[in-house]
Each structure stands twice: as structure tokens, then as C-alpha cells.
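Summary of the model geometry
For reference, the chains in residue letters:
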There are 4 protein chains.
Amino acid sequence: MPPIISTAVLLWSCPDKKGLVSRLANFIYEHGGNILDLDEHVDGSEQTFFFRVAWDMAEFSIPRAAMVEAFLPLANEYQAHYTIRLNTEKRRLAIFVSKYGHCLQEILWRNELGEFDAELSLIISNHPDLAYLAERYSIPFHLVPVTKENRAEQETVQLALLESAQIDTIILARYMQVLSNRFVERYTHRIVNIHHSFLPAFAGGNPYKQAHDRGVKIVGATSHYVTDVLDEGPIIEQEIIRISHKDSLDDLIRKGRDLERLVLARGIRLHLQDRVLVHGRKTVVFD
Amino acid sequence: MPPIISTAVLLWSCPDKKGLVSRLANFIYEHGGNILDLDEHVDGSEQTFFFRVAWDMAEFSIPRAAMVEAFLPLANEYQAHYTIRLNTEKRRLAIFVSKYGHCLQEILWRNELGEFDAELSLIISNHPDLAYLAERYSIPFHLVPVTKENRAEQETVQLALLESAQIDTIILARYMQVLSNRFVERYTHRIVNIHHSFLPAFAGGNPYKQAHDRGVKIVGATSHYVTDVLDEGPIIEQEIIRISHKDSLDDLIRKGRDLERLVLARGIRLHLQDRVLVHGRKTVVFD
Amino acid sequence: MPPIISTAVLLWSCPDKKGLVSRLANFIYEHGGNILDLDEHVDGSEQTFFFRVAWDMAEFSIPRAAMVEAFLPLANEYQAHYTIRLNTEKRRLAIFVSKYGHCLQEILWRNELGEFDAELSLIISNHPDLAYLAERYSIPFHLVPVTKENRAEQETVQLALLESAQIDTIILARYMQVLSNRFVERYTHRIVNIHHSFLPAFAGGNPYKQAHDRGVKIVGATSHYVTDVLDEGPIIEQEIIRISHKDSLDDLIRKGRDLERLVLARGIRLHLQDRVLVHGRKTVVFD
Amino acid sequence: MPPIISTAVLLWSCPDKKGLVSRLANFIYEHGGNILDLDEHVDGSEQTFFFRVAWDMAEFSIPRAAMVEAFLPLANEYQAHYTIRLNTEKRRLAIFVSKYGHCLQEILWRNELGEFDAELSLIISNHPDLAYLAERYSIPFHLVPVTKENRAEQETVQLALLESAQIDTIILARYMQVLSNRFVERYTHRIVNIHHSFLPAFAGGNPYKQAHDRGVKIVGATSHYVTDVLDEGPIIEQEIIRISHKDSLDDLIRKGRDLERLVLARGIRLHLQDRVLVHGRKTVVFD
């Protein structure tokens, strides 16, 4: 086993201005950081600057506890939003599910293989059906049945579970309920959903049925951040598969499962590696 | 040059009933036809039977002039719709264009290579911009400028041009006008349009702008039959391409041109080879 | 639950001759079979006829026990090879694995979902590593460690296991040993392997390493039947994924896992649904 | 028309060392250059640093004539290879063709649309067949018939044509001859070829025939730099298309044309935009 190299990632966005890359690269270099990876993008129409840089912490002179503050003067100067994270600080995940297990199964399996480099802390469901999967992988499973009547109370229960487990990111793995704004506000751009269509086509319910009825020749899946407007959040990743008149609705659902698993897994990985910057209703994805 | 083998294609749809394949295959066999290719599909939910069969005419005992009538008793028995065409009977095409030349260029080029096996008879445009392309390939070009005021009259001119050239199929190669029902009724399921999005996403105007604003990670193009509802006709073919935040609107337009050319060409070829059966707002494509 | 409809599938190949479709369709129709699905293909260069037909057994007048014999006179007349199988006769599968679990995991999961419609009877491995997965899904696991020295004896053990479990089809799910001809002869065109490259590129060992060294922009995976020549068997299915200079060898291995799982699963499904006909070193796949 | 913004592009590779990004970004910033786009990549196994940066020349204080020299001290310090080009300095292209016109047609068409931002200076062919296309687009066409006997002399003629037209980059658009080392040495990593297979599969002659015989389910095309080993040069771009048993060799050739056109065009564009760095037999493509 090689020694684990500690790496820092800075995600940064601000109005574009001359010298930004130079200033930021210099700041890291001057404090002993060796830049491992750097990506930048300037949105042409709005002149916004997006930046991701990863550097080796081995000889970096600023201690972790002081890092956020250390970048503050630069951030103030450029009116920037920024986050800093070390790869050794594993994010804590909560998975929300209902009855379909394929996305959960995929996440559990990839997590077991170490593809996500995160702490899968708990699973919350409104149905007991998938408890067996949670048990198989020894992840705490919380049954929180939500009805029209008890929704507000049960959300309070869910939020308390998230809080007490210090959850950083929520994954909606075919969770068949809409989360209220209490979640969206608390976990802004930290709730990743999978929608089983090529958004914005077939938003809303039963997208495979809609696709089958319309006779499209290709179906898709979309992973996106959840916002307060259903199926309108910033898109992280999409993928498609070709279908034909031979495919029944059941075939679409079966083929779609493969897409959903893949697109959700890719979206989660990109998010967890701090490769996604949100820009209005769009994303910049540094992959 | 090998001698041209004359091939007949029967396209057939009717309510499903036992023995249909056997009856149709037998009929052809008994009259000396050697079946070269056969496809069938039964729509599960509506129990409709779709059928395409191609056979060698070399020893077929029914002369061309009597063929349609020869199938009539069977068609009546099964309440079928059917068409028969010989590959030696080239379809006559009209292309409608406005100012964007890429789809027209692609059609002219593929036609020159013999990919379409049709007679490209005339080009109609509401702008003079692409006359040079028509001239380059020696195809008659008719300028028919359409305005809000003169639309009905100019459509009469267009319809007369189509009639006098005995046009079978109309291709809308980025024609920026909506054809009225006079065309749709006269050329039902014989007008092929290219829409520069992955329908039903981004129907209507400026689909690349819509896609750019929404921040999708994939864009598409769709070839479909024109019906009386805009962008709602039965889809023949779709294809997609991956994009990213780096792609400006101009990049989308540039990348989209490649898609449009390909998807329209495929749609035309499938139509011309009698591989498309329309079923409500959907298609059965025997490729 | 709807009543299970019993369906028969005939796979047939013979030298091409006029009237084949008609004769075969008629034979089924005359004995009360309602054709549900029919595909045919004539290989142009060698004039070989390939045929797959599925029919409803509800009113078919020939009992199962007599069906093979019933088609014999036709088969003799046309010098045909043919097989008949009912969908109610589940095939019995053996999975061979070594240390990589992703393909096995995928098969177990899809089998649990009912995608394969087969009996997953046993798992054979030369390493104990994946016994836990077999246990998780309650499939018998047999450890048969193979070395250079004991290979012939251990193959005898393996063949006895297969025989006693009445195995019909063997799946090599990243089994890192070459099976001898004793297997290939006994299970001709019934051993499905996954090779982790886009064959014929990067045959042999370490295909991801080879791909990484060559600097290709796309990697692939291939499911194929095993023959006596390594990585040269008839290809059932292939799929690819785009890569870039950013992808390390580990990234290729990670991305490749997704491909391998998908391509093997598709290959197994096509085989189990009797959709694959072998033709020399090629396949006809009626999907 | 907006005023043309002059942009400089620096391509740089050297052994990796701490502070490289900072030093290079600073150098540009200190001389008044506004960085528009920056990409870097460190090859993990060999510790080589690859860098591409584009900056606005509007306020850059070093005149064009002195720019190469200005970067020399830095380059010496880091043992770097580097090139600098302004977007206003259009590259001069020569296209080599034989009898197949589809790739030439595509280049001419895209060039007309302004996709390449280069000067298409001349076409050289060993056959007269495509002279009509050159004439259509008013590009000088030189017929230089090459035989086994006259190859060395005719290459001298070709090289003189290239020299006198100050050609920067050669495109082999299905040129059916192998260029000798005299070309490879003179235009190292400036000769772009299209090979009509998914390399390294089906290198050499008749790749579609090879693919058809092998029964692959996917075919591809590859654009690459020409080196002294046939079909072994660094790959710039690849793309694939799905095929089936229904596709005859002619179908493969027809479908392959679409791939070849696309993959060659993408390869040319990437090369012309200075987005490709060669690294041994591999490329780093900053797209």
C-alpha cells in the first residue's frame, strides 16, 4: 500500500478578471503546494470565472484549520464563492429510497469497491422493502413512512436523522417522494437525484410510459441537483440508450435500469470529487 | 455491372390474426416469388400486425400492373392497409430549404453517391441563398418567397410545382416555414422533416438556444414525418452527441449540423427503402 | 399474475432455397401455432438461410415430446440444423469465476430480478475470494483450485460437477483460466466469455494495459462464444466507452468494469433467449 | 462583424516540476496577457507536464516577433519543448487524395463554412478522379501519379509543391499510398491520416473486409499522426458505429464513410486549434 497522499481541492467562482489564474496558482505555489490538477472555465456570455485546483498537501505551509480563512482576502478582493476540501475528509452520505432497489444496489456495490471514497452513513426509506439490502451491506436503515397527512412530521424525523449523522450529501436513489424546501435549503446543491428520462423530455411521472407512447428511438436518464422546482435542477450527467418499436414498456424499464444506475453513479462520483460547480440552473463539470 | 435484380416490397398492416405470416409468405411463394427479406412486428398492446417483405421478381408470375389488385382479396379479408413498390420505380423527391445549406449539401452529396436510389427532382426555397448549390449539382431550383401575406398563394405555386414534377416525397431540409394542411393531406407520411433537437425536448424555435440555456449534457436531432401538429409527427430516427459547459451556443450549432445531416439522411434512406410503417403517432422501422 | 404463456422457439439454419419461410411458417400454422415473432436472414455471400420463429403453444397440436421429430422431415429435405426450446424449460447455468467479482455480482443481481429466466445452478472458482457473494445469493459454490500440475484432474472434477447439475450453459465471468477442448467440445457454442477489450484489438492478457499504452480514445468489451482458439470465438455483443489522456490505467479498469458487466449480461440474455445463431466464426443475432 | 480578437496559444511540455503552472501563468499575466483558456496534464507514470494556454493579445506587451525568444529562458530552465501560434496566423493545408472523394468533400465543405480557420492551399492526387471537386471549390489540384518505379521522383515533385506553397500541415484524406520518411521527417506530427478502422484492430489493408469477416458488432475510424510505422502513429480521435449481421460489406463501407468524414474532420480541427500534444506514441488532447 502506498502512503495516502493528502490532496486539497479548491472550487472557486467569481466575476471574471484579468490575472485570476496567476493569482490563485501563485498563492498555492508560494505556500508550498504542488499543483496536481487545474481546470478553469470562463462563461462567455456572463463573464463568470470557474476554477478547480487540486494540490499536494505534503509541503503546504498553511494548516488545515487555517485554510479557509487564508483564502478569504483573495475571495473578498474578487467577490468569490469558494469551498476547500481535503481528500482525507470523507463526505458522509445518506441514501433515500422507496421500493426500486437497482440504484441502491449499484451504490452499495460501488461503495464496497471504493469507487466513491465516501462514508455511506445511512439509508432512509418510506417502505420496508429494501431493508434486506441495507442489512446485506451493514448500513443503518431507517424506515420513515411518509403519507400526505404526516409529511411535515416525518420530514422532521428525517432531518433529525441527517443532522445526527452529520450527513453532507443526500442521494435520491429512485425515492418516490418530493422533498420539501426544508431539505433544499439545508442541503443546497448537495442533494443528487436520478430522473429516469433525458430531461427536459418527459419530466414528471412515468417517463418510460411517456417515452413509449411518444415513440422515441432513444431513451435517457439524468442525474441532477434537486432545487425547489421539480425536475428543473442543474444537470450533472446524462446518458442514453437506443430503443426500437420492438421494445415494450417493460423492456424500456429494464433497459432504463442500466442507464439509471450508471448515470446516478457517475453523478455521485463527480459530486464527491468536487468536480461540479453550479451556475444558475446549469453546471460546470470539470471531469 | 451485375444485372439489376428487380425486387418488390410489400408493406402491410392490419389487426393481428393467426396465420398471417403463413398466408402472406405462401401467396408470394405460390406465385414464384423468392423471399429475400421478411420482417414482422405485432404491437402488443393494440394487437396490430406490421409486415414488410421483399421478394425477387425474376420468376414472379403476377405482372406489375396487376400486383396491387392481386393482393386485394387478402387485404380485404384481413382489413389491411398495404403498399407495393418495385426497387426499379425510383421515387421522385422535392427538397424544401431556406438559408442553411448543410442538410441540402448532404442530401445532394449522398444522392450523387447513389445512397438514396431516388430521383432528386427539384428544390424549392423561400430564399435565393442556396441556388448555387442546386446549380452545382444540376437540380432545378425554384424560388418561391413566402410571406405572411402571400402564404396561401405561394403554397398553390409550390403544390403546382410538386404536382407537375410528379413528386412522391417531400424533404424539409431545415425549411424555416410551417407547411399548411394542404401539404400534409396531399403527402400524408411522405413529408420528412429534420428537427434540430432530441424531440420531445426543445420543440419549437431555437432548440440549440433552449438546450444551451438548460445546460443539458447531450443534444440531439430528430427526423420525423410531418403531421398537422408542429414537431409532433411520428419519429423515424434520432441521434445524439455529448456536449459540455465548454460548448458555446455556436459550438452547439456547429456540432448539431453533423447530427442533423446524419439523422435526416438516415430518415430519408429508411423512408425510401419502404422500411417505415406509421402507427398512430409512432413508427415501426424495419432496419 | 397473468397465466404463463408457453412459447416455443425454433432456431434453424440451412442452405438457402426458395420457399423456406413459407414452408416453415405453414408447418407451424397448420399445427395450430400462432406465430409471435419471426426473423430470417440470408447470408449474401454464402447463401445460408438463418431463421428464428417463436409461436404460442396454447393450441399447437404436436406435443412437446414429439416436436423435435416432427420437424425432422423438413430438416432432412433442406439439410438444416435446428433446435427447439420452450420458454418454460429453464436453462441451467454454471458461472466460472476467479477473483474479480463485478461480473458475478451483476449476473446474480440480474438473475434475482428475473432478467435471465434461467436456473443459476452453481458457481465454480479456482479461488475462495467470491464465496461470500455466492452465499449472499444462496448459490452453491465449488472451489476447484487449478494449477499447471493438476489442471487435467481438476477439469475432470469441474466436468463432473457440470454433468451432475445438468448444466446447459457455462458463463466465464472473468475466469482467469483457459478451458481445455474437453469443455469446448462438450458445450459447443454454450460457453459465453467476456473479454475486456474491443476484440480483435488487444486480445490476450492485460488488455487495459495494452489500450493505455497504445493511447486509444475508446475502450471496449466483447462477449463471445469460446472456441479452441483463444479470443477468436464468434462475437455476440460489444460495447465501448470513450476515454482520454486523463484516464490512468486504474481509471480504464474502473470504467471497463461497467462495460464488462453490461456486455456480458447482454450476451447471456441473447444466448438464453435463443437469439444467437453461430455461422463459422461469426454470429447472427436476432435481437 | 465583431473585431477579430487576436489570441495566442502556447503548447508546452517538459519534465514535471513544482510551480510550473504558477510560473507560466505569471509570465503571461506580467506581460499584460489575459488568460482565456488553460489546460494542464501531468502524466502520472512518466512525470511529464503538458500545458496549453490561450491568452488575449490586446494588451500583451511582447511583440509577435519577439515572443518565441521571450519564452526561451523559461523553456531552458525547465527543459521544455514549446510552440506559439496566433489565431490570426492561418495554417496552410495540403490535402492528399486518391479516388475516394467523401473525406475531401467533407473537408472542402467544412472549410467553406469556416470550421477549420485555415488556408486550404492545394490538393495533390495520384489520380485525376477528384479534380472536379477541387475545381468546384476553386482549390489548386495537382496530379502526381505515383507508381512503384517513379515513387522517389514523384515524392520530390510533391515535396517541392508543398515547399513552394509553404504548407504547414498535410491531410491524408484516404490517400492510398504510403508516404516515405522524407515526409514524416519534414512534417513531423503535422501529417494527419484517417484510417478506416478502430485501430489497432484491423490495421493494414481492407479493414472493412477484415471487420466483416471477423463478425464484429461495431466498426470504427481513427485519425492519427503519421509516423514511420504504418497505422502506428499517435491517435488523435476515434469514433464507432454499431453494425449487425444484416450489414453487407457494402453497408460497412457506406456506414464507414460517415465515420471517416467525422473522425478526420474532428482530428483536423483539434490539430489546427493546437489542442494536440504528442507524447511518444500517444497524444494529450485538450478539447
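Please read all numbers here as calculations on a predicted model, not as lab measurements.

The subject of this paragraph is the overall build of chain A. Looking only at helices and strands, one finds 9 helices and 13 strands in chain A. Within the span of chain A, comprising 287 residues, buried residues form 41% of the whole. Within chain A, contacts between residues at least 6 apart in sequence are counted, and of these 68% link residues at least 24 apart.

What follows is about helix 8 (residues 207–214) of chain D. Residues and elements named next belong to chain D. All buried positions along helix 8 are accounted for by Pro207, Tyr208, Ala211 and His212. Burial along helix 8 is one-sided: seen end-on, the buried residues are contained in an arc of 135°. Packed against the buried residues of helix 8 are strand 10 (218–225) and helix 9 (249–272). Looking one or two places after helix 8, you find Gly215, whose phi comes out positive at around 75°.

On the chain B side, the residues contacting the 24 residues of chain A number 24 residues. Contributions of two or more residues to the side of chain A that touches chain B are made by strand 11 (235–242) and strand 13 (282–285) of chain A. Split into classes, the residues belonging to the side of chain A that touches chain B amount to 10 nonpolar, 8 polar and 6 charged.

With that out of the way, let us pick up helix 4 (residues 102–112) of chain D. An α-helical segment advances 3.6 residues per turn. Residues three or four places apart therefore align on the same side. Residue and element names in this part refer to chain D. Of all 11 residues that make up helix 4, 8 are buried, and the element is covered over most of its length. For helix 4, every residue scored as buried is listed here: Cys103, Leu104, Gln105, Glu106, Ile107, Leu108, Arg110 and Asn111. Just downstream of helix 4 lies Gly114, where phi reads positive at about 85°.

Our next topic: the domain arrangement of chain A. Residue and element names in this part refer to chain A. With domains assigned, chain A is organised as domain 1 (7–86) and domain 2 (92–285). Computed from C-alpha coordinates alone, the two centres of domain 1 and domain 2 are separated by 31 Å. Counting residues per element, the ones that place at least two in the side of domain 1 that touches domain 2 are strand 1 (7–15), strand 2 (34–43) and strand 3 (48–56).

As a further point, take the relation of the copies chain A and chain B. Laying chain A over chain B is done by rotating through 180° and shifting 0.0 Å along the axis; what remains is an RMSD of 0.0 Å. Read as a symmetry element, the transformation amounts to a two-fold axis. For chain A, the smallest separation between a C-alpha atom and the rotation axis is recorded for Ala201(A), amounting to 2.3 Å. The share of interface residues of chain A whose copies in chain B are also at the interface is 100%, consistent with both copies meeting through the same surface.

Here the focus is the relation of the copies chain D and chain C. Superposition of the two copies of the chain requires a rotation about an axis together with a shift along that axis. For the match of chain D to chain C, the screw axis carries a shift of 0.0 Å, the RMSD comes to 0.0 Å, and the turn is 180°. The fraction of interface residues of chain D whose copies in chain C are also interface residues reaches 100%, indicating that both copies meet through the same surface.

This paragraph deals with the sheet that holds strand 7 (residues 141–143) of chain C. Residue and element names in this part refer to chain C. A sheet is described by the order of its strands in space; here 7 strands give the open sequence 7-6-5-8-9-10-11, paired in mixed fashion. Each end of this open sheet is capped by a strand with a single partner; those strands are strand 7 and strand 11 (235–242). Here the strands of the sheet are splayed against their neighbours by 20° on average, with no regard to which way each runs. Summarising the sheet, strand 6 (residues 119–125) and strand 7 pair through 3 bridges and their orientation is parallel. Across the sheet, residue Ser125 finds its bridge partner in strand 7, namely Leu143. Of the strands in this sheet, strand 8 (169–172), strand 9 (191–195), strand 10 (218–225) and strand 11 are in contact with helix 9 (residues 249–272), which crosses strand 11 at around 155°.

Attention now goes to the environment of Tyr29(A). Residues and elements named next belong to chain A. The residue Tyr29 is located in helix 1 (residues 20–30) in this model. Since 20 C-beta atoms lie within 10 Å of it, Tyr29 is described here as buried. Once the C-alpha coordinates of Tyr29 and Phe60 are considered, the two residues, 31 residues apart in sequence, prove to be 8.6 Å apart.

Residue-level contacts link 24 residues of chain D with 24 residues of chain C. Counting only elements with at least two residues in the side of chain D that touches chain C, the list comes to strand 11 (235–242) and strand 13 (282–285) of chain D. In terms of residue class, the side of chain D that touches chain C is made up of 10 nonpolar, 8 polar and 6 charged.

All right, on to unusual backbone geometry then. Residue Pro200(C) is reached from Leu199(C) by a cis peptide bond, and omega for that bond is 10°. Within the secondary structure layout, Pro200(C) lies in the loop between strand 9 and helix 8 (207–214). In this structure, Phe202(A) is a non-glycine residue whose phi angle is positive, near 55°. Note on placement: Phe202(A) falls in the loop between strand 9 (191–195) and helix 8 (207–214). A positive phi angle is found at Asp231(B), which is not glycine, with a value near 60°. Within the secondary structure layout, Asp231(B) lies in the loop between strand 10 (218–225) and strand 11 (235–242).

Further remarks concern the packing of helix 4 (residues 102–113) of chain B against helix 9 (residues 249–272) of chain B. Residues and elements named next belong to chain B. Between helix 4 and helix 9, the shortest axis-to-axis distance is 9 Å and the interhelical angle comes to 45°. On the basis of their axis angle, the class for helix 4 and helix 9 is oblique. Relative to helix 9, helix 4 is oriented so that their crossing is right-handed. Contacts between helix 4 and helix 9 involve His102, Cys103, Glu106, Ile107 and Arg110 from the former and Arg257, Glu260, Arg261, Leu264, Ala265 and Ile268 from the latter. Looking at the contact of helix 4 with helix 9 residue by residue, the class counts come to 5 nonpolar, 1 polar and 5 charged.

Let us now look at the sheet that holds strand 5 (residues 92–97) of chain B. Residue and element names in this part refer to chain B. With respect to topology, 7 strands assemble into an open sheet ordered 7-6-5-8-9-10-11, the strand pairing being mixed. The outermost strands of the open sheet, each flanked by one partner alone, are strand 7 (141–143) and strand 11. For this sheet the average axis-to-axis angle between neighbouring strands, irrespective of direction, equals 20°. Running at roughly 155° to strand 11, helix 9 makes contact with strand 8 (169–172), strand 9 (191–195), strand 10 and strand 11 of the sheet.

Turning our attention to the packing of helix 8 (residues 207–214) of chain B against helix 9 of chain B. Any two packed helices are characterised by the angle at which their axes cross and by the distance between the axes. Residues and elements named next belong to chain B. At their nearest, the axes of helix 8 and helix 9 sit 9 Å apart, and the two run at 125° to each other. Accordingly, the angle class assigned to the pair helix 8 and helix 9 is oblique. Regarding helix 8 and helix 9, the two cross each other, and that crossing is right-handed. Touching Tyr208, Lys209, Ala211 and His212 of helix 8 are Leu249, Leu252, Ile253 and Gly256, all from helix 9.

What follows is about the pairing of strand 6 of chain C. Looking down a regular strand, the side chains alternate between one sheet face and the other. Residues and elements named next belong to chain C. Strand 6 sits mainly inside the fold: 5 of its 7 residues count as buried. For strand 5 (residues 92–97) and strand 6, the ladder comprises 6 bridges, and the chain directions are parallel. The partner of Leu93 across the bridge, within strand 6, is Leu120. Where the polypeptide runs from strand 5 across helix 4 (residues 102–113) and back to strand 6, its parallel neighbour, the crossover connection is right-handed. Considered for its hand, the β-α-β crossover made up of strand 6, helix 5 (residues 131–136) and strand 7 is right-handed.

Turning our eyes to something else, we now look at the nonpolar core. Counting residues in hydrophobic clusters, the biggest one holds 299 residues, and the most contacted among them are Ala173(A), Ala173(B), Ala173(C) and Ala173(D). Not counting the four nearest positions on each side in its chain, Ala173(B) is found in contact with Ile95(B), Phe96(B), Val97(B), Cys103(B), Leu104(B), Ile107(B), Ile194(B) and Leu264(B).

Turning our attention to the environment of Ala201(B). In this fold, Ala201(B) is placed in the loop between strand 9 and helix 8. For Ala201(B), a count of 24 C-beta atoms within 10 Å gives the class buried. Along the chain, Ala201(B) and Arg254(B) lie 53 residues apart, while their C-alpha atoms are 19 Å from each other. Setting aside anything within four residues of it in sequence, one finds Ala201(B) in contact with Phe198(A), Pro200(A) and Ala201(A).

All right, on to the environment of Ala173(D) then. Residues and elements named next belong to chain D. Within the fold, Ala173 resides in the loop between strand 8 (169–172) and helix 7 (181–186). For Ala173, a count of 28 C-beta atoms within 10 Å puts it in the buried group. Considering only alpha carbons, one finds Ala173 and Gly114, 59 residues apart in sequence, at a separation of 19 Å.

As a further point, take the pairing of strand 12 (residues 276–279) of chain D. All names here are of chain D. Bridge analysis of strand 12 against strand 13 gives 4 bridges, and the strand direction is antiparallel. Paired with Val278 across the strands is Thr283, a residue of strand 13. The turn linking strand 12 back onto strand 13 is made up of 2 residues, and Gly280 within it adopts a positive phi angle of 65°.

Rules used in this analysis
- Residues numbered from 1 in each chain as written.
- Chains lettered and ligands numbered in written order.
- Predicted model: local features only at pLDDT ≥ 70, side-chain atom pairs only at ≥ 80, totals over all residues.
- Helix = DSSP H or I, 4+ residues; strand = E, 2+ residues; numbered from the N terminus.
- Buried ≥ 20, exposed ≤ 12 C-beta atoms within 10 Å, placed from the backbone.
- Contact = placed C-beta atoms within 7 Å.
- Arc of directions from axis to C-beta.
- Nonpolar A, V, L, I, M, F, W, Y, C, P; charged D, E, K, R; others polar.
- Domains from an automatic or database assignment.
- Least-squares fit on C-alpha atoms with pLDDT ≥ 70 in both.
- Pairing = 2+ DSSP bridges.
- Axes fitted to C-alpha atoms, helices over the stretch in contact; angles between N-to-C directions.
- Parallel < 35°, antiparallel > 145°, perpendicular 65-115°, else oblique.
- Left-handed = near helix turned anticlockwise from the far one by under 90°.
- Right-handed = clockwise from strand over helix to strand, strands pointing away.
- Core = buried A, V, L, I, M, F, W, Y, C linked by C-beta atoms within 7 Å.

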